[in-house]
Amino acid sequence: MSTFFLVIGLVVGLVLGVMGVLTLVTDRVAAPWLRSGVGRPRVWGAGALLVGGAVAAARVLPFEVDVPLMLAGAVLMVLAQLPKRQEKRQTQ
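Quick caveat, the model's predicted, so the values are computed rather than measured.

Before we move on, could you go through the overall build of the protein and cite the residues and values that matter?
Within the protein, the regular secondary structure consists of 4 helices and 0 strands. Here the protein has a C-alpha radius of gyration of 16 Å; the compact-globule value for 92 residues is 12 Å, and the former is much larger. Dimensions along the principal axes, computed over C-alpha positions, put the protein at roughly 65 × 30 × 20 Å. When burial is assessed residue by residue, the protein has 25% of its 92 residues classed as buried. Summed over all atoms, the accessible surface of the protein reaches about 6,800 Å², with 68% contributed by carbon and sulfur. Of the charged side chains in the protein, 9 are positive and 4 negative, and the gap between their average positions amounts to 13 Å.

Now, about the nonpolar core: what can you tell me, with residues and values included?
Of all hydrophobic cores here, the largest spans 10 residues; its members are Leu16, Met19, Val29, Ala31, Val38, Trp44, Ala48, Val51, Met77 and Ala80. For this core, the secondary structure elements donating two or more residues are helix H1 (2–26), helix H3 (41–56) and helix H4 (63–80). Broken down by element, the residue count for this core peaks at 3 residues, all from H3.

Go over the side chain of Thr23, please, and point to the residues and values.
Positionally, Thr23 belongs in helix H1. The residues touching Thr23, leaving out its near neighbours within four places in the chain, are Arg28, Val29, Ala30, Pro41, Trp44 and Gly45.

Break down a nonpolar patch on the surface for me, citing the residues and quoting the values.
Where nonpolar side chains cluster on the molecular surface, the patch consists of Phe4, Phe5, Ile8 and Val12 and spans about 370 Å² of accessible area. Inspection of the secondary structure assignment puts Ile8 in helix H1. Classification of Ile8 as partly exposed rests on a relative accessible area of 39%.

Conventions we followed
One numbering rule holds for all chains: residues counted from 1, following each sequence as written. Confidence filtering applies because this is a predicted model: local features only for residues at pLDDT of at least 70, side-chain atom pairs given and counted only at 80 or more, and all residues used for totals across whole chains, interfaces and linings. Note that the side-chain values use all heavy atoms of the structure and ignore hydrogens as well as water. Helix numbering and strand numbering both begin at the N terminus, where a helix is a DSSP run of H or I of at least 4 residues and a strand a DSSP run of E of at least 2. The globule rule used here is 2.2 Å times the number of residues to the 0.38 power, and the radius of gyration it is set against is calculated over C-alpha atoms. Per-residue accessibility, obtained with a 1.4 Å probe over protein chains only, is compared with the maximum for each type, and a residue is labelled buried under 20%, exposed over 50%, and partly exposed between these values. Every accessible area reported is derived by Shrake-Rupley at a probe size of 1.4 Å, with residue values counting cover from the shown protein chains alone. In this charge count, Lys and Arg are treated as positive and Asp and Glu as negative; neither His nor the chain ends contribute. Taken as the charge location is NZ of Lys, CZ of Arg, CG of Asp or CD of Glu. Remark: nonpolar core denotes a set of buried residues (Ala, Val, Leu, Ile, Met, Phe, Trp, Tyr, Cys) joined through side-chain atoms within 4.5 Å. Any two residues whose heavy atoms approach within 4.5 Å at even a single point are treated as in contact. Patch building starts from residues that exceed 30% relative accessible area and form no salt bridge, then joins like charges within 9 Å and nonpolar side chains (Val, Leu, Ile, Met, Phe, Trp, Tyr) within 5 Å. The salt bridge definition used is simple: a Lys or Arg side-chain nitrogen within 4 Å of an Asp or Glu carboxyl oxygen.

Structure below.
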């Protein structure tokens with residue numbers, strides 16, 4: 001059973017890492033169902049890369065390192081989905 005969770009963790013980490021790198025490079029979220037909700041794709045890509053690395057390395061990293069990495073990535077992914085502030089234009 002332990003090998004099963006190791007493989008699942010590595011696959012999930014790899015998928016999130018690849019999606020994060022693709023998003024950072026192309027400035028567009030790789031998953032079509034997420035594109036409309038993400039206002040800042042590069043921030044989302046950085047968060048996905050952090051979460052993917054934390055999930056993939058969960059077996060070798062200590063708890064004190066793994067959880068803050070995962071939480072930082074999750075915070076970045078949530079912040080990327082907040083709507084952008086629209087600046088008010090002053091008419092002269």
